[in-house]
Amino acid sequence: MNLQEAQLKLAKAEGQREALENAVAASKAQIAKLEQRSNDITQAVLTVQKIANELQANITAFFSTCVQSALDIVFPGAYKFCMEFSSRRNQAELDMWLDRNGEKVSALDAAGGGVVDVISFALRTCCLLLSKKRPVLFLDEPFKFIRGEARDRLGELLNLLSVQSHVQIIMVADVAGAPIEGAKRFRIVIEGGVSRLLPVEG
C-alpha cells in the first residue's frame, strides 16, 4: 500500500467516524426528546389521576350524604350507607353497601324492599341534581314496599327534597293504608272514556 492509498483509507475512516458521531448525537437527542415526552406523559397521567381521585371523593361524599339523609329520615338510625370507588380490570368501579356493626352487607341482602326503594330514590335524585336538565322527577310507585311509620315519614323526605333542592316531583303512588303527604295530590277518574285529573282535598 502506497502513501496515497493510505491517505484515502484514512480519509474514508475519518468520514465514517464523523458519520457515526453524528448518528450518536442524533440518537442522544432523540433519546432526550423521548425521555422528556415520557416525563410529560407521566406528569399528565398523575394530574389526571389526581383530578379523578378528587372527583371520585366529591361524588362519594355527595351521594353518601344524600342517601344517608334519606335513610335517616325514613328509617332513623337503622342503616349506615357506604360507597367507595375501586379499580378493577383497569377501570374504576363503584361499590355500595350498608354497614351493619362494621360489617359490609349488600343492600339487597340486608333489608327489605323498603330500604332499597329509599336508596334507589336517593341515588336517582342525586343523578338528577348533578344533571343540567330541569329538575323534575317522575316516579311510578317508588315506595311500594314501605309501610307503617316509615311510610308516614316519606312526606318529610319528599318535602325536604322539593323545598331545599327545588325539585318538582310528579309521582304515582299507592295510597292504600297510609297516603304520602305532599304539597298537592290528585286523583284520576275516567268519565265517558276520558281521563280527568281532579285535586284531592285535605
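Preceding this paragraph is the structure being described.
In this text the structure is predicted, and so the values were computed from the model without any measurement. (Residues numbered from 1 in each chain as written. Predicted model: local features only at pLDDT ≥ 70, side-chain atom pairs only at ≥ 80, totals over all residues. Heavy atoms only, no water.)

A closer look at unusual backbone geometry
Our working rule: In this text, helices come from DSSP runs of H or I with a minimum length of four residues, and strands from runs of E with a minimum of two, each type numbered from the N-terminal end.
Residue Asn-90 is not a glycine yet carries a positive backbone phi of 60°. Looking at the secondary structure, you find Asn-90 in the loop between β1 (80-88) and β2 (91-100). Phi at Glu-141 is positive, roughly 45°, even though this residue is not glycine. When you line up the elements, Glu-141 lands in the loop between β4 (136-140) and α4 (149-152).

A short note on the pattern of salt bridges
Pairing is possible between side chains that carry opposite charge, provided their charged atoms lie close to one another. Using the following cut-off: For salt bridges, the criterion is a side-chain nitrogen of Lys or Arg within 4 Å of an Asp or Glu carboxyl oxygen. Each residue gets one of three labels from its accessible area relative to the maximum for its type: buried under 20%, exposed over 50%, partly exposed in between, using a 1.4 Å probe on protein chains only.
On inspection of all chains with the given rule, the structure shows five salt bridges. A salt bridge links Glu-21 to Arg-17, with the shortest nitrogen-to-oxygen separation between them at 3.9 Å. Remark: Arg-17 and Glu-21 occur in helix α1 (residues 3-74); sequence separation between them is four residues, near one turn of the helix. By relative accessible area, Glu-21 is classed as partly exposed at 46%. Connected through salt bridges with shared partners, the residues Arg-88, Arg-89, Glu-93 and Asp-95 form a single ionic network.

A few points about α1
Applied cut-off: Working rule for helices: expected span equals 1.5 Å times residues minus one.
With 72 residues, α1 should cover 106 Å at 1.5 Å per step; its first-to-last C-alpha distance of 105 Å lies within 8% of that length. Listing the buried residues of α1 in full gives Thr-60, Phe-63, Ser-64, Val-67, Gln-68, Ala-70, Leu-71, Ile-73 and Val-74.

Focus: the nonpolar core
To keep it simple, the criterion reads: For our purposes a nonpolar core is just a set of buried Ala, Val, Leu, Ile, Met, Phe, Trp, Tyr and Cys residues, chained together by side-chain atoms within 4.5 Å. Working rule for contacts: check all heavy atoms of both residues, and any pair within 4.5 Å makes them a contact.
One finds Leu-71, Val-74, Phe-75, Ile-119, Phe-121 and Ile-146 to be the most contacted residues of the largest nonpolar core, which totals 29 residues. Those elements that provide at least two residues to this core are α1, β1, α3 (113-130), β4 and α5 (154-165). Ranked by the residues each element gives to this core, the list is headed by α3, at eight residues. Those residues within four positions of Leu-71 in sequence are excluded, and the remaining contacts are Pro-76, Tyr-79, Phe-81, Leu-98, Val-115, Val-118 and Ile-119.

Keep in mind that these numbers describe shape and distance, not what the molecule does.
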